[in-house]
Structure formats: C-alpha cells, structure tokens
Amino acid sequence: MGHDGGMAKIIVVGGGAAGLVAAWRAASLGHAVQLLEANGRLGVKLRISGGGKCNITHDGPPKALLSAFSKAQARFLRPSLHAFDNAAVLDLLRREGVETYTRDNGRVFPLDRPGSAGAVVAAFETLAHRVGVDVRTGARVTALQGRAPRLEGLLLNGEPLHCDVYVLATGGASYPETGTRGEVLGWLKGLGVPVLPWFPALAPIPLQRPRPSWEGVSLREGDLRLQAGPEGRRLETFAGDIVFTKAGISGPAALELSQATERARREGAAWLTYASIRELPEAVDAALQAEQRTNPRLLAATWIQRHLPERLVEPLLQEAGIDRGLMLKDLSRSARKALVALATALPLGEPQAVPLARGEVAAGGVDLGAVDPRTMALRGWDNLRICGELLDIDGPVGGYNLQAAFSTGYAAGTL
Ligand SMILES: Cc1cc2nc3c(=O)[nH]c(=O)nc-3n(C[C@H](O)[C@H](O)[C@H](O)COP(=O)(O)OP(=O)(O)OC[C@H]3O[C@@H](n4cnc5c(N)ncnc54)[C@H](O)[C@@H]3O)c2cc1C
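Residues numbered from 1 in each chain as written. Predicted model: local features only at pLDDT ≥ 70, side-chain atom pairs only at ≥ 80, totals over all residues. Heavy atoms only, no water.

Taken together, 35 residues lie near the ligand, and Ala-18, Glu-37, Asn-55, Glu-389 and Leu-402 sit nearest. Asn-39 has a polar side-chain atom sitting 3.2 Å from an oxygen atom of the ligand. A distance of 2.8 Å separates an oxygen atom of the ligand from a polar atom in the backbone of Leu-402. At the level of elements, α1 (17–28), α2 (44–48) and α13 (400–413) are the ones that each hand at least two residues to the shell around the ligand. It is α13 that provides the largest number of residues to the shell around the ligand, a total of four residues. (Near = heavy atom within 4 Å. Polar contact = N/O pair within 3.5 Å; in protein donor to acceptor, adjacent residues only side chain to side chain. Helix = DSSP H or I, 4+ residues; strand = E, 2+ residues; numbered from the N terminus.)

This brings us to a positive patch on the surface. Together, Lys-63, Lys-71, Arg-75 and Arg-78 line one region of the surface with positive charge. With three residues, helix α4 (residues 71–83) is the single largest residue contributor to the positive patch. Along the chain, the position of Arg-78 falls in helix α4. (Patch = residues over 30% accessible without salt bridge, like charges linked within 9 Å, V, L, I, M, F, W, Y side chains within 5 Å. Areas by Shrake-Rupley, 256 points an atom, 1.4 Å probe, with all protein chains shown as cover. Salt bridge = Lys/Arg side-chain N within 4 Å of Asp/Glu carboxyl O. Lys, Arg positive; Asp, Glu negative; His and termini not counted. Charge placed at Lys NZ, Arg CZ, Asp CG, Glu CD.)

It is worth spelling out the pattern of salt bridges at this point. All chains considered together, the criterion is met by 20 salt bridges. Residue Glu-262 is joined to Arg-265 by a salt bridge in which the shortest nitrogen-to-oxygen separation is 2.9 Å. A residue pair is termed a helical-turn pair when its members lie 3 or 4 positions apart in one helix, as Glu-262 and Arg-265 do in helix α8 (residues 252–266) at three residues. Looking at Glu-262, the relative accessible area reads 1%, which means it is buried. The partly exposed category is assigned to Arg-265, whose relative accessible area is 30%. (Buried < 20%, exposed > 50% of the residue type's maximum accessible area, 1.4 Å probe, protein only.)

In this section: the side chain of Arg-25. Within the fold, Arg-25 resides in helix α1. At 3.2 Å, the side chain of Arg-25 forms a polar contact with the side chain of Tyr-410. Of note is the side chain of Arg-25, whose polar atom sits 2.9 Å from the side chain of Thr-414. Once residues within four sequence positions are removed from consideration, Arg-25 is found in contact with Tyr-410, Gly-413 and Thr-414. (Contact = heavy atoms within 4.5 Å.)

Looking now at the packing of α1 against helix α6 (residues 116–130). The interhelical angle for the contact between α1 and α6, taken along N-to-C directions, is 25°, at an axis separation of 8 Å. It follows that α1 is roughly parallel to α6 by the angle criterion. In the packing of α1 onto α6, the handedness of the crossing is left-handed. From α1, Leu-20, Val-21 and Trp-24 reach across to α6, where they touch Phe-124, Glu-125, Leu-127 and Ala-128. (Axes fitted to C-alpha atoms, helices over the stretch in contact; angles between N-to-C directions. Parallel < 35°, antiparallel > 145°, perpendicular 65-115°, else oblique. Left-handed = near helix turned anticlockwise from the far one by under 90°.)

Keep in mind that these numbers describe shape and distance, not what the molecule does.
Here is the structure:
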C-alpha cells in the first residue's frame, strides 16, 4: 500500500459524499478500489441535500469555514480542509461541467437547473468510474470482523470480503430512509473504538404545546432563546427566523438551537422564547409608554402587529386578555407589560424530544481523539480509516457538513 508505493486493495463502505471522494481519490492514486453502497444508487442523501439543490460548500478562506465548527472539530478538520478545500471541490466539479454560484449568505450551490443536486452526484460518479472504482450498489455491509490492530474482513450478504485497507464512510444516523441507520458506530464501539452516541442536531423542535393553527407562519429577524425552564437562566441564543409547524417549530434558528435544546431537555429543564424585538423589555416598555403619550388612540393590536405576524395578533391578545379594540391610552400597567412580553419573549414553551431522524446531521460519532486528522486512520489500528459524518463532526447549516465530508473523504483516500 501507500508506504512502499505499491498498489493496495481498498474497500470503501458507503457511497455518499465522503465515500465517493475517498474512493475516487484512492483509485486516482493507483489503488484497486471497491465502493460498497447499501442503496440501489449512490449519493442518496446528497440528492436531497439543500432541498434538492445541494448546498455544496461555503464560500470563504479555510480559516473562516473552520470557525463555523466547534473548537475541537475545527482543530481536527484543519489539515484535511487545507488539503482539499472548498475551492478544490468546486474546481473538481467545474471540470465535470457543474457550474456553481454563491448566494449572498456565502452558501454555494450548483446553477439552478432541475435536479441540480443529482448533477453533483453524477459528477462524482463519473470521476470515480473514470479512475476505475468498482462500484457495488445494493451492498449493505452487515458486520465487521477482526480486532485491533487489524480488521480482518467485512460481511456482505453473509460472505466475508477482505482487503488491505478499509475506509468506513457510512455517514450519520439521521434520515435512516436514505440508508444511514448509524449501525456501524455500534459495531466500532463493540471493537473498543471510542465513540460518542448519536445525538440529534439541526432538526425541527417539537413543542409540548404546539400551535398547529399557526403552521407556516414565520417569526423573523429576531432571536430564538433557550433557557433552563420558564424562570431559568439563559443558556443559548440564536439570531434568525423560525417557522411554526404542526408539531412545533422549524426554520434556521430552530435547527441551529435543536442540539442545545435537546441537551437542556435531557438535563431536566428547557424553555424556548422568541424575541421579535431584541432590546431589553425595559427599553421596549419605555418606548411603548412614550407612544402612549404621543399616540394615545393607537390600537394595542396595531402596535403589536408591527412586531408580530398578523395571524398571531388576535389569538395572542385573547390569551393575554387584551381587548382587540383597546387603545394605548387605556392600557393598564399589566396589559402593557403583557404586550411588551409578547414582543420581547413570546413563550414557545417546553420542547419535546428532538428527533434524531429528522436532523440534517447527526451529532456524535467516532471520537476525534481516536483518529489521525491527516489520514483519517483510526489510532491503534493498521488498516482502518474513518471519514464523513461517521466522525464526531457536525457543522451548522450552510454547506459545512458536505465540505467536512469531502475533505475528510479526500484525506482517507490519500494512501
Ligand atoms: C435533508 C438533508 C439536507 C441536507 N442538506 C445539506 C446541504 O445542503 N449542505 C450540507 O453541507 N449538508 C447538508 N446535509 C448534510 C449532509 O448531507 C451530510 O452531512 C453528508 O451527506 C454526510 O456525508 P457522508 O458521506 O458522511 O454520509 P452520507 O452522504 O449519508 O453517505 C453515507 C452512505 O453510506 C451508506 N451506508 C450506511 N451504512 C452502510 C452499510 N452498512 N453498508 C453499506 N453502505 C452503507 C448509506 O446508504 C449512505 O449512502 C443535509 C442532510 C439532510 C438529511
């Protein structure tokens, strides 16, 4: 294999973002590569990514991309991202005919065409075929055999398969219908590999008291706040929009706060509010009192409608016991405080369990401390490499997770 310059037989398990790149890279270096994918076709999760448009990566220098991840994850990703960064990914795709554009928020997509995510998968498939990767679809591996420091084989349809180096790229555990059931993490744990259990991330948050009649309504340009219980301390804040769903909330801020919300919930106390106005309640209260003086005949309903969507005004005023026809001049002190609270901390309340299956990514995975960040080789093992979401990596929405899969896949295939 790599050390003596000879050709090795490599098996890559998982034909998603990381596995496709790892297989292409290893074969382009002259190795004999077999790619095993459980689904009938490659890149199923890639095809549904970014709402079917595929947010391939994020714009900016490697340093900026790394800063989107946690400190430990950024430290781990640094060498592989530098070796195969966003520009390298886009360059590779461009040479296969996939033109891209960057949105104002830095997210990079293929040019809008029907099936644009499919074009990204097709490009990686073409690259892999060109360098002779032997692709097997409908090939779900059911067991790993061996023990440290050597993996002896894999079981496929009850038959053992053997090779020189095994690259595991089986992804996370969300959207199991895309082939990612997360079982490989359990097998690795059984082999003594340090792992962190799968944990929900970037998922919609179901609420104990959902508002199904508000489904589709958004709260915009404010802060979603997580606190330890209704009166508890503030734990985390995410600036961004949310949208009500049948079961709770979704939208950018909900996805980004979902992991912290689930942690707080499991620790015993989680409570969510949305601040449509980010200022302190005292400041908003002072502004409302000033408005009472300058604009006494303004309806309370009109004031709150400046800050909340029209569809919510009626039901919220009713809950707060404020008459729709009430003018600012007739607001009691307690009604005024209630209005201010709706704008500065609309209670969404207690969350229910955040579903692992609905996350855009799964947190948890193989402990990064157990993996060499330059080669993705599992420490203490001679012939085993891990890449992609199977690692304990979970970036925010914005193309970061695919970039992490591409970069770690490239490193794993460099041998
Ligand atoms: C709805 C949705 C939208 C997303 N949108 C974006 C986006 O726009 N931008 C972004 O950066 N990220 C996005 N992500 C996240 C991103 O898709 C993943 O992080 C990324 O695909 C991980 O790459 P991977 O190669 O590690 O795993 P995957 O792409 O999931 O590939 C793993 C493959 O391994 C196969 N496999 C699993 N077990 C076995 C087995 N035992 N034997 C054989 N094969 C097996 C699976 O079938 C699967 O095809 C999105 C995720 C979801 C769910």
